[in-house]
Structure formats: C-alpha cells, structure tokens
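Report on the structure
The residues making up each chain are set out below.
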Amino acid sequence: MITAHHCVPIVFPLCSNLVSLIHCGGSGIYFSPLAFIADPCLWLLLISRYRATHLQGPNFAYSLLLRKLSLCAYRHRFDLRSVRHIFNAAEPISTLTMRQFAAQLKPFGLRSEALVGGYGLAECCVYVSDGGHTILTVDRAKMEQSGEIRVLQQRDLNEENETPDTRDAPNRTKPRESADNSDPKPHESTLQNSEKPRETTDPHHPAHEIVEPTGETSPPTEKPEKPEKPEESVEPEKLEKLEKLEVRELFSCGNASKNAGIRIAIAREASICGEDRVGEIHVQSGSVARGYYPDNRASFTVELRGASGVWLSTGDLGFLHVGFDCLFVTQNGEPYVCGRAKDLLIVRGRNYYPQDIEQACCLLPQVKPGAVAAIAVPRNGQESLVVVLELRDAVRTGETVETVVTQLRQVIAEENGLVPSEIVVIRPKTIPKTTSGKISRHRVLDEYRNGTLQIVYRQQFIDLPTQEEQEQEQEQEENSSNKAENSQATAAKSIQSTLPSQLDGIDTVRFHVFSHIVGATRRTAA
C-alpha cells in the first residue's frame, strides 16, 4: 500500500493498515507529502514499481494528480493493474473528480471498481465507513430549503465507466489471461495537452528507473447480487434537461453496518431523523475517543431521542439513503456527507453549502484550485455571500483581474442560483488553511472582518434576488395589492390629484434590475 497526503493517509495507515500488515503480512510504502505536492505523478510511478494494491488519499490528492497528469513526461511507465482498493475520504468527495480519475487512468489498467468513497474523523480513529460506489442526483432546492432528499437518479461509478460490450456481461471484471494482453498499453493519445511535458532532471528520481510489470494478477472479485432496481422518480432523458442549479450530485461513503461495532445516526435537535433527511451525523463506536484534552466531553456524550447510549456529535451534515445499488444493503442505508454544519451558508432563508460555490469558482482556469473560500457576512440585517480567492500567477494586470471577477459572478449565479455580494482577490499563498491543507473558512471570515486579508482586488455587487425569490416576492405583492384594492378604490373617490404617478407600475423586481443597470455596482481597488 502507498500513501501520500493528509491525516487519512498518514494516521489511518499507522492506526489500521500498519497493524494489518503486521498481522496478515505484506509491505507498506510511505513518502513525504511535500514530495507528492512537488510531483503528484510520483505516486503512480511508485504504485507501478511496487505493484501496490491499496491506496488512500483525500479528494485534493486525486484532483491535483489529474491536473498534473497530462504534463507528466514518464506516464508511459504507469501500470496500475495491481490496484485493488483506492480510498477517497477526509474531505468532501467530488463526483467529477471520481469520474475523471476513473476515466483518465483506465488506459493504464486501473479498474473503476477499485475507487471507493469513505467517511472518517479523528475523534473516531479516522475511520467510520468505506466502500461507497453510488452517485446520487438529488433535487437541490428541496435539500437546501427543507433538508428533504428527493432522489432523481442513482447510478454506480462502475456502470458509468463500462463499455457497451461489457455492460451486460454477468461478470464485469474480466479475468486476465496474461500480463501482456490483459490491458491495453498506455499511449500518448490517451492524454492530450498542448503544453510540453515536464522532464525530470534528478538522476535519482524514480522516473529514470525502468518499471518491469511482474505479471502478477489476482482473481476477479464478484460483487453481491443487487436487489431489483426500483422505478426511478425521474427518467434519465428528462434528468439531462434539468439545469445544473436544480440538481446536486453526491457520492456515497459506503456503509458502516458491515462493521458491527459502528453505528451511524442522523439527528435534528437531538431527535433521530428518518431516511433521506439531512441532519447532523452522529457516530457510536468503541473507537470513539473519550473527549478533547484536557476535559471537554460535551460532543462525545450526546443523547438522542429514539436511540440508546451516548453518541459522538461530528458537526458534519448528511443523510442516510437505502438504494438498489448499495454494495452493503441494510436497513440503515449508506451515509452521504453534505458539508460542515458550522460552514453552512444561510442566505435569504435558504441553505447553501460552501464547497458547491467554491467548486463552481474553480471552473474558471484563472482561479487557483484549493484556494477559494465562500463565507457569509452579515449586511443590512441578513447574511450575504462573500467569496475570497486566489488567482493563478499568470493573472497579473488589473484589467484581467476585473474581467475574471465579472466572469466569476456569472458562473456562481449560473451554477448555484446565488449572486455574491462581494468577490475578494488576495495575494497568492495567503489564504488561511489548516495543518491538513484544508481551507479554514472561519479564519478567512475573521481576517475579512479584521481587515487583515492581503487584498489585491475587490468588487462589491448589489444583492439581487434569485429568480425564484423574485417570483415569490411578486406573488406576495400581487396578493397584497388585491387585498388593498377595495380600500384604495374607496380612498381614490374622496382624494383627487392632478399629479402623475412616476412610479406607477414599477414593482420591486423591476426596481432591482433598474438599480443594477444605472450602476449600483461599487468597485474598490486595494
């Protein structure tokens, strides 16, 4: 097994994998996180060299590797046929990253069934569940407004990466006859990029070593039979027509029920929620710590109505879903993580998850991945969205930054149905992060309030309501005008005026648009 970065691939192997290796026999390869960041493709080269079978890493590691893969000068040496298990956990799992990782590494022999999602936290010895393969597409509005989960589509990551010839085969994983003809050899056309691959000058770098495939293979593992697929609530062809802001995709974190000593519960206000209801994730296990040093046990001794014993309050929001595609089908279902409770953005009474907004910003190539924070700042008696981010080094001139910020505002609105009140661009490598490399949103908020962010450019926007809010506001105004129509008509009979009404017919929605057109946007360059 080979590990690269973050607390899951560092602590998890020490707590579990290392003990497993000692008990079952085997070997483990570990290398510096700094080496991984400097050359992510080194991970794949070491996998090929040592014929690694089990890998762990956070979503950040896989996305970083994908960004560097096309520039790798030695990718023709990759041979990933030995890999049996790739664990993605420790931070929100991106369905896009999982799809791209499976598709782009398939030519090198990687099988999509090896990719699994998991969930864990330090308070429970890092591990809670794993084995997730399912991708849920849910109604975003229902989830954000009421916390109800309406599943529009349910697919398996393995099914999405099957070819038409193998999709209907009884056994998806075909046995290999030999190491020479089992998988197609990697070729340059699998990954195309206009940039020249980066050559390695270090003579001791593993890229200069020849990796010889051992030809060792393992028999295919058969999956348990799936229950009969229920009727989907939305047909796939109709789902494709839905706009992005109407749906959200979530990746399964497996099922803790295969481990008898771990229980997961979803609760709201200390009461157990039913299936497909968003609430705070609670964990009960013999691996849960006793408390925080020196004597803080409040989060570790939570009692829930409808459940026995004490529970660990994780601070994560999520839900349980039972589906036909679950690898381990139980009455408890599979956990899906939506985000952190303390990071949840509440704007105009609707819940928004910051990672959704941050991922939308990274759709622009000028934005530096992993350096975006979406925070809520109180303004005029309500919370407004503020986005703090870093741009790539190539973006330098003020005119270019202004153009990027304008594009960002449009992308955020299109992807999330929410207009930011302000976008702040700061100096590279200055956004606050945790020791694990995650964005520390509460520190970003503190520095924003204290004025200590190293700002390069900032732009404020008028808070325009969303289309749905506009329609609701207009409907309320029409109802109010109908109720007051009789009294206004009576008053009009007794009061006569020759002055024209300059605002006649101007409702709130038109006023917002009019204000925006005449230049209500305020810009400030730091």
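The text that follows walks through the structure, step by step, so that each part is easy to find.

For the rest of this paragraph, the subject is the overall build of the chain. Looking only at helices and strands, the chain features 14 helices and 22 strands. The buried share of the chain, reckoned over its 526 residues, is 45%. In the chain, of all internal contacts separated by at least 6 residues, the share reaching a separation of at least 24 is 73%. Accessible surface computed for the chain: about 27800 Å², of which carbon and sulfur atoms make up 51%.

We now examine the pattern of salt bridges. Counted under the stated rule, the structure contains 15 salt bridges. The shortest N-O distance in the salt bridge between R99 and E249 comes to 2.7 Å. Note that R99 is positioned in helix α5 (residues 95-105) and E249 in strand β9 (residues 247-251), a separation of 150 residues in sequence. Residue R99 is classed as partly exposed on the basis of its relative accessible area, which comes to 23%. Accessibility expressed as a relative area gives 30% for E249, which makes it partly exposed. For the salt bridge of E148 with R277, the shortest nitrogen-to-oxygen distance reads 3.3 Å.

Those residues of α5 that sit buried are T95, T97, M98, F101, A102 and L105. Down the axis of α5, the smallest arc covering the buried residues is 165 degrees, so these residues share one side. Capping the start of α5, S94 holds a side-chain oxygen 3.3 Å from the backbone nitrogen of L96, two or three residues further along.

One turn of the α-helix equals 3.6 residues, which is why residues spaced by three or four share an orientation. Of the residues making up helix α11 (residues 441-450), those classed as buried are R441, V444, L445 and Y448. Along the long axis of α11, the arc covered by the buried residues comes to 100 degrees, so they all point the same way. The secondary structure elements touched by the buried residues of α11 are α9 (354-361), β18 (367-379), β19 (382-391), β20 (422-426) and β21 (455-460). Phi turns positive one or two residues past the end of α11, at G451, with a value near 75 degrees.

Attention now goes to the state of the cysteines. Across all of its chains, the model carries zero disulfides by this definition. Lacking any disulfide linkage, C72 is separated from the closest cysteine sulfur, that of C41, by 3.8 Å. Cysteine C361 remains unbridged, with the sulfur of C362 as its closest cysteine sulfur at 6.7 Å. For C361, a relative accessible area of 1% puts it in the buried group.

Summarising the element assignment, D130 is placed in strand β6 (residues 129-132). You can call D130 buried: its relative accessible area is 10%. Among the polar contacts listed, one links the side chain of D130 to the side chain of H85, at a separation of 3.4 Å.

Attention now goes to the packing of helix α4 (residues 59-69) against α5. Two numbers describe how α4 lies on α5: the axes approach to 10 Å, and their chain directions differ by 45 degrees. It follows from the interaxial angle that α4 and α5 lie oblique. Judged by the sense of rotation from one axis to the other, the crossing of α4 with α5 is left-handed. When α4 is examined against α5, the residues N59, Y62, S63, L65, L66 and L69 are found in contact with a partner set consisting of T97, Q100, F101, Q104 and L105.

A word on the nonpolar core. Counting 55 residues, the largest nonpolar core has W43, F78 and F101 as the members making the most contacts within it. Secondary structure elements with two or more residues in this core: α3 (41-50), α4, β4 (85-88), α5, β5 (115-119), β10 (262-268), β12 (279-285) and β14 (310-321). Residue contributions to this core peak at seven residues, all from α3. Look past the residues within four positions of F101 in its chain and what remains in contact with it is Y62, L65, L66, I86, L110 and L115. Ranked by size, the runner-up nonpolar core spans 27 residues in total, among them L364, A374, L418 and V425.

A few words on unusual backbone geometry. With omega at 0 degrees, the peptide bond leading from Y293 into P294 counts as cis. Mapping P294 onto the fold places it in the loop between β12 and β13 (302-303). Positive phi, normally seen in glycine, also occurs at V126, with a value near 75 degrees. Residue position: V126 is located in the loop between β5 and β6. Owing to a relative accessible area of 8%, V126 belongs among the buried residues under this scheme. Phi at E269 takes a positive value of approximately 50 degrees, unusual for a residue other than glycine.

Cut-offs applied
- Residues numbered from 1 in each chain as written.
- Predicted model: local features only at pLDDT ≥ 70, side-chain atom pairs only at ≥ 80, totals over all residues.
- Heavy atoms only, no water.
- Helix = DSSP H or I, 4+ residues; strand = E, 2+ residues; numbered from the N terminus.
- Buried < 20%, exposed > 50% of the residue type's maximum accessible area, 1.4 Å probe, protein only.
- Contact = heavy atoms within 4.5 Å.
- Areas by Shrake-Rupley, 256 points an atom, 1.4 Å probe, with all protein chains shown as cover.
- Salt bridge = Lys/Arg side-chain N within 4 Å of Asp/Glu carboxyl O.
- Arc of directions from axis to C-beta.
- Polar contact = N/O pair within 3.5 Å; in protein donor to acceptor, adjacent residues only side chain to side chain.
- Disulfide = S-S within 2.5 Å.
- Axes fitted to C-alpha atoms, helices over the stretch in contact; angles between N-to-C directions.
- Parallel < 35°, antiparallel > 145°, perpendicular 65-115°, else oblique.
- Left-handed = near helix turned anticlockwise from the far one by under 90°.
- Core = buried A, V, L, I, M, F, W, Y, C linked by side-chain atoms within 4.5 Å.

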